[in-house]
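# Geometric and topological summary
Residue-level listing of the chains:
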Amino acid sequence: MSYLPDYIDGALAQTRTERIKELLSLRYDHPPLAYVHSFGCQQNVSDGEHLCGLLASLGFGFCPDSAGADLVLFNTCAVRENAEERVFGNIGALSHLKRARPDMIIAVCGCMTQQEAVRERLRKSYPYVDLVFGANAAHRLPELLLRLLEERRRVIDGREPGEKIVENLPVRREGKVRAWLPIMQGCDNFCTYCIVPYVRGREHSRAMPDVLREAKELIAEGYKEITLLGQNVNSYGKGLEGEVTFPRLLRELNDLPGDFWIRFMTSHPKDCTKELIDAIAECGKVCNYIHLPVQCGSDEILRRMNRRYTAAQYKELVEYARERIPGVSFSSDIMVGFPGERYEDFLQTLELVKEVRFHALYTFLYSKRGGTAAAQLPDPVPAQEKSRWFRQLLAAQEQITRSFHEQMVGRTLRVLCEGPGKEQGMMSGRTESGVIAQFAGGEALAGQFLQVKITRALNWAVCGEMIE
C-alpha cells in the first residue's frame with residue numbers, strides 16, 4: 001500500500017512511490033533489502049515500526065543484520081552521551097560494507113540527528129552516511145530518499161521537529177501479541193538533565209478519535225496488550241479542543257469491546273492525579289501496574305532536577321493508589337549521582353525505595369548530557385563513589401524484587417503468553433503487574449491469556465504450571 005499521510009495529496013504520494021521503486025530497480029539487480037535498528041526508548045521502537053512500514057510500502061524487504069542489507073537505517077536515541085558514542089561506533093563499523101558495496105544506502109535518523117553538532121560530525125567524519133534526518137520525521141523518509149536517489153548525493157535534513165502529528169503512516173509491527181500505540185509526542189517539562197524537549201519538541205497530542213481508531217485496528221488484528229506511549233502520557237490532551245484528558249482516554253479505550261490489557265508509559269508524578277488513579281481503579285482492562293519515575297528521594301536534588309514534586313507528594317500518590325487499586329504494583333526510574341548529590345541525598349533515595357517497595361526499578365548512573373542545564377552544574381563526587389552508591393541501590397532493590405516474587409509462589413495468576421521462553425519447551429509471558437512468568441507449553445499458546453500457578457521464584461522472573 002502506498003504511503004498516504006493525511007496531509008499529502010494521494011496522487012503525488014503514489015507518483016513518488018512509483019518513482020522510488022523505479023530508481024531502486026535501476027540501482028539493484030534484486031529486490032532491495034533493509035535493516036532498521038532503533039536505539040533507546042519504546043517511543044523510538046514505535047517510530048522504527050513506522051519507518052519499516054514506509055520502507056515496505058516503497059518495495060523493501062527486510063533482513064536480520066546490516067551485512068545483507070541494501071539500506072541500513074539507524075534510528076537513534078539522544079538521552080545519554082555514552083549511548084551516542086555507541087551509535088557512532090555502530091556507524092563506523094559500516095564503513096567496510098560501504099567500501100565493498102558503494103550502492104548501499106546508509107541512513108541515520110532520530111533524536112541524535114536533531115542536534116546540529118551531531119549532523120556536523122556525521123557530515124565531516126562519516127562521509128559514507130548518505131541520508132540524515134531528525135526526530136518526528138518518519139513521514140519525510142520517502143521524500144528524502146527520492147532526493148537521494150535522483151540527485152545521487154548526500155541528503156542531510158536539519159528541520160526542527162514538526163508540530164503536526166502525521167496520521168495514517170504505514171506500520172510494520174515487530175510482534176503479534178503486544179503493540180505500541182503513541183498518543184502524543186514531545187515534552188514540556190524541561191527536567192534539567194534531559195535533552196528530550198530539545199530534540200523531540202514540545203508536547204502535541206493525537207486527536208482522541210485517531211487514537212481510538214488505531215486501538216480498534218489493533219484489537220481487530222488480535223493484539224492482546226496495547227501500551228500507550230508518550231514522553232508524559234499524563235498530560236495527554238493539552239492543546240486539543242474540548243475536555244480531553246488522559247483519564248478520559250483510558251475510560252474510552254477500556255469501553256472498547258474485546259479481551260485485552262492496556263498499559264501506558266511514561267508518567268510524570270507532577271501530573272499523576274487522583275482522577276487518573278481513580279480511572280485505573282475503575283477500568284478493568286487497564287493493568288494494575290504504574291510506571292511512575294521518581295528519579296530521586298531527596299527534595300533538594302528533585303528541585304535541582306526541576307521535577308516539581310517532593311518525595312512526600314510522591315509517596316502520597318503511591319499511598320492513594322494502593323488504597324484505590326487492589327494489588328497495584330509500581331516500577332520507577334532512579335538516577336544516581338546527579339551533579340551536587342551527596343551521600344546524604346542518596347540515602348534519602350534508598351529510604352524511599354525501601355519504603356515504597358517498587359516491584360521493579362530502572363536504574364541509571366547520571367551521565368552528563370551536553371545541551372542540558374545540568375551539564376553546567378559542578379559535579380565534585382568521583383565516579384567511583386557514585387558507583388558504590390549504585391551498587392547499594394541495586395542490592396536493596398534485588399532483595400525487594402525477590403521478596404515480591406516469593407510472595408507470588410502458590411498463587412494462580414492471569415498471564416499473557418508472549419512466546420517461547422529461554423529454555424526449550426518453555427513459554428514466557430507476563431502477569432498484569434509486568435512480572436515475567438515461565439511455564440511449560442507449546443508455541444500455539446502465544447497470544448493467549450492463561451491461568452498459571454506460580455511454583456518457584458527467581459530474581460528476574462517466576463516459574464509456574466499452566467492450569468488447564
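Above this text is the structure in question.
All of the points below concern the structure found in this document. (Residues numbered from 1 in each chain as written. Predicted model: local features only at pLDDT ≥ 70, side-chain atom pairs only at ≥ 80, totals over all residues. Heavy atoms only, no water.)

### Quick look at the sheet that holds strand S7 (residues 178-182)
Applied cut-off: Note: two strands are recorded as paired if DSSP finds a minimum of 2 bridges between them. The helix and strand labels rest on DSSP assignments: H or I over at least four residues marks a helix, E over at least two residues marks a strand, and numbering proceeds from the N terminus. Axis definition: a line fitted to C-alpha atoms, limited for helices to the stretch in contact. Angles are taken between N-to-C directions and run from 0 to 180 degrees. Contacts: residue pairs with any heavy atoms within 4.5 Å of one another.
Pairing is parallel across the open sheet formed by 3 strands, whose spatial order is S7-S10-S11. Of all strands in the sheet, those bounded by a partner on one side alone are S7 and strand S11 (261-265). Averaged over all pairs of adjacent strands, the angle between their axes in this sheet comes to 25 degrees, without regard to strand direction. Where strand S10 (residues 225-229) meets S11, 5 bridges bridge the pair, whose relative direction is parallel. Opposite Leu229, over in S11, you have Met265 as the bridge partner. Across the sheet, helix H8 (residues 208-220) touches S7 and S10, and the angle it forms with S7 is around 170 degrees.

### Brief notes about H8
Heads up, the rule is: In this analysis, the expected span of each helix is defined as 1.5 Å times one less than the number of residues it contains. Per-residue accessibility, obtained with a 1.4 Å probe over protein chains only, is compared with the maximum for each type, and a residue is labelled buried under 20%, exposed over 50%, and partly exposed between these values. Of all possible arcs, the one meant is that of the directions from the helix axis to the C-beta atoms.
Its 13 residues give H8 an end-to-end C-alpha distance of 18 Å, which sits within 8% of 18 Å, the value for a rise of 1.5 Å per residue. Where H8 is concerned, the buried positions are Met208, Val211, Leu212, Glu214, Ala215, Leu218 and Ile219. Along the axis of H8, the buried positions cluster into a sector of 165 degrees, meaning they face one direction only. Of the residues in H8, the exposed ones pointing more than 90 degrees away from the buried face are Pro209, Lys216 and Ala220. Close packing links the buried residues of H8 with S7, S10 and helix H9 (246-254). Remark: Gly222 follows H8 within two positions and exhibits a positive phi of approximately 100 degrees.

### Digging into the nonpolar core
This is how the line gets drawn: In this text, buried Ala, Val, Leu, Ile, Met, Phe, Trp, Tyr and Cys residues form a nonpolar core when linked through side-chain atoms within 4.5 Å.
One finds Leu228, Phe246 and Leu249 to be the most contacted residues of the largest nonpolar core, which totals 72 residues. Phe246 has contacts with Ile183, Leu228, Val233, Asn234, Tyr236, Phe264 and Leu276, leaving out every residue within four places of it along the chain. One finds Ala137, Ala138, Leu148 and Val166 within the second-largest nonpolar core, a separate group that totals 30 residues.

### Overview of the pattern of salt bridges
For the record, the criterion: Each salt bridge in this description consists of a side-chain nitrogen of Lys or Arg and a carboxyl oxygen of Asp or Glu lying within 4 Å of one another.
Within this structure, the stated rule accounts for 41 salt bridges. For the salt bridge of Arg213 with Asp210, the shortest nitrogen-to-oxygen distance reads 3.8 Å. Pair noted here: Arg213 and Asp210 are both in helix H8, with a separation of 3 residues, about one helical turn. When salt bridges with common partners are traced through the structure, they connect Glu49, Glu167, Arg173, Arg206, Asp210, Arg213, Glu214 and Glu217 into a single cluster.

### Brief notes about the environment of Asp379
Its location among the elements puts Asp379 in the loop between strand S14 (360-365) and helix H14 (383-408). In this structure the C-alpha to C-alpha distance between Asp379 and Glu341, which are 38 residues apart in sequence, comes to 8.2 Å. Dropping the residues within four chain positions of it, Asp379 is found in contact with Gly337, Phe338, Pro339, Gly340, Tyr366 and Lys386.

### Observations regarding the environment of Arg342
Take Arg342: it is sitting in the loop between strand S13 (329-336) and helix H13 (343-356). Sequence separation between Arg342 and Ser298 is 44 residues; the distance between their C-alpha atoms is 9.7 Å.

The values reported here are purely geometric and, on their own, carry no functional implication.
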